[in-house]
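Overview (structure and organization)
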Amino acid sequence: MGNYNLSKILENSKLSENVYDMVIQDRKIAESCKAGQFVELYIDNNKNLLPRPLSICDISKDQGSIRLVYQVLGEGTDYFSNLKSGEKIRLMGPLGNGFTMERRENIAIVGGGVGIPPLMLLLKSLVSESSGANIDVFLGYRDKVFLDNEFKLIRSA
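Quick summary incoming for the structure in this document. (Residues numbered from 1 in each chain as written. Predicted model: local features only at pLDDT ≥ 70, side-chain atom pairs only at ≥ 80, totals over all residues. Heavy atoms only, no water.)

What follows deals with the overall build of the chain. Along the chain, the regular secondary structure elements total 4 helices and 9 strands. Secondary structure elements of the chain occur, N-terminal to C-terminal, as β-β-α-β-β-β-β-α-β-β-α-β-α. Relative to the compact-globule value of 15 Å for 157 residues, the chain shows a C-alpha radius of gyration of 16 Å, a close match. A total of 157 residues make up the chain; the buried ones form 43% of that total. Carbon together with sulfur atoms contributes 47% to the accessible area of the chain, which is approximately 8800 Å² in total. The centroid of the 19 positive side-chain charges in the chain is displaced by 2 Å from the centroid of its 19 negative side-chain charges. (Helix = DSSP H or I, 4+ residues; strand = E, 2+ residues; numbered from the N terminus. Rg over C-alpha atoms; globule rule 2.2 N^0.38 Å. Buried < 20%, exposed > 50% of the residue type's maximum accessible area, 1.4 Å probe, protein only. Areas by Shrake-Rupley, 256 points an atom, 1.4 Å probe, with all protein chains shown as cover. Lys, Arg positive; Asp, Glu negative; His and termini not counted. Charge placed at Lys NZ, Arg CZ, Asp CG, Glu CD.)

What follows is the structure, encoded as structure tokens:
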């Protein structure tokens, strides 16, 4: 079930060419979301009426925030890339069913491009819930690598 909120942007920075990292303070979403869910972000102008769905990359329950990593592909995501810390954004979420996780001895996580960010929260969940499991992560990129070091840190924790 989604919540409609006006939330504060804590950070919005460039990770690589056309890939951005946005952290939004929204305690309700951070406390209720699970790996594989997404939010819908709204653009406050009269030109772009439809919201943009963005996968939740990570959450901080302590900070009450969600992290979105997105690629600029059109007017909507370009608008988001120009937002600054402290600005407000309308969003709805968490939406979607999320990933179904089963306990296994061997787990492979496979993703590419902008399909990689939602896998970060999945990996964190699997590492914390599947003690002793062998987890392999395979990430593919067209050109610019992003989040790779963060995935390595989670696996080594």
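Turning next to the nonpolar core. Residues Leu 41, Ile 56, Ile 66, Phe 80 and Ile 109 are the most contacted members of the largest nonpolar core, which totals 40 residues. Broken down by element, this core gets its largest block of residues, 6 residues, from helix α3 (residues 117–129). Contacts of Ile 56, omitting those with residues within four sequence positions, involve Ile 29, Cys 33, Gln 37, Phe 38, Val 39, Ile 66, Arg 67, Leu 68, Pro 94, Pro 117, Pro 118 and Leu 121. (Core = buried A, V, L, I, M, F, W, Y, C linked by side-chain atoms within 4.5 Å. Contact = heavy atoms within 4.5 Å.)

Turning our attention to the environment of Gly 96. Along the chain, Gly 96 turns up in the loop between β7 (88–95) and β8 (106–112). Placed 57 residues apart in sequence, Gly 96 and Val 39 show a C-alpha to C-alpha distance of 8.6 Å.

Now for the pattern of salt bridges. Side-chain pairs of opposite charge can arise where the charged atoms are in close proximity. Inspection of the entire model under this criterion finds 5 salt bridges. With a closest N to O distance of 2.6 Å, Arg 67 and Glu 150 form a salt bridge. Residue Arg 67 is found in strand β6 (residues 65–71), and its partner Glu 150 is found in helix α4 (residues 148–156); the two are separated by 83 residues along the sequence. Taking relative accessible area as the criterion, Glu 150 reaches 30% and is therefore assigned partly exposed. Here the residues in one salt-bridge network are Asp 21, Arg 67 and Glu 150, joined through shared partners. (Salt bridge = Lys/Arg side-chain N within 4 Å of Asp/Glu carboxyl O.)

With that settled, consider the environment of Asn 97. On the secondary structure map, Asn 97 appears in the loop between β7 and β8. Among the residues examined, Asn 97 registers a relative accessible area of 67% and is labelled exposed. Not counting chain neighbours up to four residues away, the residues in contact with Asn 97 comprise Lys 34 and Gln 37.

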